[in-house]
Amino acid sequence: QVQLVESGGGLVQAGGSLTLSCAASKSIGSINAMGWYRQAPGKRRELVARINTGDNTNYADSVKGRFTISRDNAKDTVYLQMNSLSPEDTAVYYCNAERLTWPYTYWGQGTQVTVSS
């Protein structure tokens, strides 16, 4: 059973930075894209950033210019560098992997990011 394991979450003051990492427990194969989503209390899960095998990226408008996603294709690992954090960024952050064949998606267990004002 493949697992996506996230790390790097925690508590940080507004204006601070955190880097999230997500690694597959074993090679997944046929990965088309990896990404980060987040879910704040009482809100829907939303896309934060996504990167595909061609290193094309897309970001939520709310994080553009502050967050940077990157990946290591050889290691099935994705990172999210988060700068200039604000309390509005407080959420559980989930790692996601999209595949071209079944199973089409994997999710991590989530890591809590809390930004204090």
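As a reminder, the structure under discussion sits directly above these lines.
A brief structural summary. (Residues numbered from 1 in each chain as written. Predicted model: local features only at pLDDT ≥ 70, side-chain atom pairs only at ≥ 80, totals over all residues. Heavy atoms only, no water.)

Re the overall build of the protein
Of the regular secondary structure elements, the protein holds zero helices and 11 strands. Ordered by position in the sequence, the α and β elements of the protein form the string β-β-β-β-β-β-β-β-β-β-β. A compact globule built from 117 residues should have a C-alpha radius of gyration of about 13 Å, and the protein, at 14 Å, falls within 12% of that. With respect to the principal axes defined by its C-alpha atoms, the protein has extents near 40 × 25 × 25 Å. Among the 117 residues that make up the protein, the fraction classed as buried is 43%. The long-range fraction of contacts in the protein, counting pairs at least 24 apart against all pairs at least 6 apart in sequence, stands at 55%. Surface summary for the protein: the accessible area is close to 6200 Å², and the carbon and sulfur share equals 48%. (Helix = DSSP H or I, 4+ residues; strand = E, 2+ residues; numbered from the N terminus. Rg over C-alpha atoms; globule rule 2.2 N^0.38 Å. Buried < 20%, exposed > 50% of the residue type's maximum accessible area, 1.4 Å probe, protein only. Contact = heavy atoms within 4.5 Å. Areas by Shrake-Rupley, 256 points an atom, 1.4 Å probe, with all protein chains shown as cover.)

Quick notes on the environment of Ala23
Its place among the elements puts Ala23 in strand E3 (residues 18-24). For Ala23, a relative accessible area of 30% gives the class partly exposed. Remark: the alpha-carbon pair of Ala23 and Thr77, spanning 54 residues in sequence, is separated by 4.4 Å.

Take it as geometry only, folks, not as evidence of what the structure does.
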